[in-house]
Amino acid sequence: MELQMAADELKSVINRLKRAQGQIAGVINMIEQGRSCEEVVTQLAAASRALDRAGFAIIATGLQHCMTDESGEQDLDRDQMRARLEKLFLSLA
């Protein structure tokens with residue numbers, strides 16, 4: 001299955017991944033500087049959440065495409081459906 005995302009959806013996912021990338025670089029710096037375990041784990045948890053949210057956004061977008069009937073019609077508009085599916089997956093995290 002090919003990943004097809006609208007530009008605004010793609011931008012959101014990329015922003016989340018860049019945020020996680022920065023947080024991971026921060027974790028590496030914190031470890032190299034000998035920062036406390038609590039600070040490192042807190043920053044690592046934030047990076048993990050950013051990655052999870054990006055993944056769930058991708059999953060939600062994929063499901064949205066799957067839930068559209070053959071005529072291309074759906075009960076909710078595209079943004080509402082994506083937000084609803086993303087929220088559902090985030091509730092499982």
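These numbers were taken from a predicted model, which means no experiment stands behind them. (Residues numbered from 1 in each chain as written. Predicted model: local features only at pLDDT ≥ 70, side-chain atom pairs only at ≥ 80, totals over all residues. Heavy atoms only, no water.)

Caption draft 1: Geometry of the overall build of the chain. Per the secondary structure count, the chain includes three helices and zero strands. At a minimum sequence separation of 6, the contacts of the chain that also span at least 24 residues come to 62%. Here the chain has roughly 6500 Å² of accessible surface; of this, 55% comes from carbon and sulfur atoms. (Helix = DSSP H or I, 4+ residues; strand = E, 2+ residues; numbered from the N terminus. Contact = heavy atoms within 4.5 Å. Areas by Shrake-Rupley, 256 points an atom, 1.4 Å probe, with all protein chains shown as cover.)

Caption draft 2: Quick peek at the side chain of R16. Summarising the element assignment, R16 is placed in helix 1 (residues 7–32). For R16, a relative accessible area of 14% puts it in the buried group. Excluding residues that lie within four positions of it along the chain, R16 makes contacts with A50, R53, A54, A57 and E86. (Buried < 20%, exposed > 50% of the residue type's maximum accessible area, 1.4 Å probe, protein only.)

Caption draft 3: Fine view of the pattern of salt bridges. With the rule as written, the count across this model stands at one salt bridge. The salt bridge involving R35 is made with E39; its shortest N-O contact spans 3.2 Å. The exposure class of E39 is partly exposed, given its relative accessible area of 34%. (Salt bridge = Lys/Arg side-chain N within 4 Å of Asp/Glu carboxyl O.)

Caption draft 4: Structural view of the side chain of Q23. By secondary structure assignment, the location of Q23 is in helix 1. Filtering out sequence-adjacent residues up to four positions away, Q23 remains in contact with Q43, A46, A47 and A50.

Caption draft 5: Inspection of the environment of L44 at higher detail. Within the fold, L44 resides in helix 2 (residues 37–67). Residue classification places L44 among the partly exposed positions, given a relative accessible area of 44%. It is 9.5 Å that separates the C-alpha atoms of L44 and I28, two residues lying 16 residues apart in sequence.

Caption draft 6: Molecular detail of a nonpolar patch on the surface. On the surface, L17, I24, I28 and L51 cluster together to form a nonpolar patch covering roughly 310 Å² of accessible area. With three residues, the top contributor of residues to the nonpolar patch is helix 1. Here I28 lies in helix 1. (Patch = residues over 30% accessible without salt bridge, like charges linked within 9 Å, V, L, I, M, F, W, Y side chains within 5 Å.)

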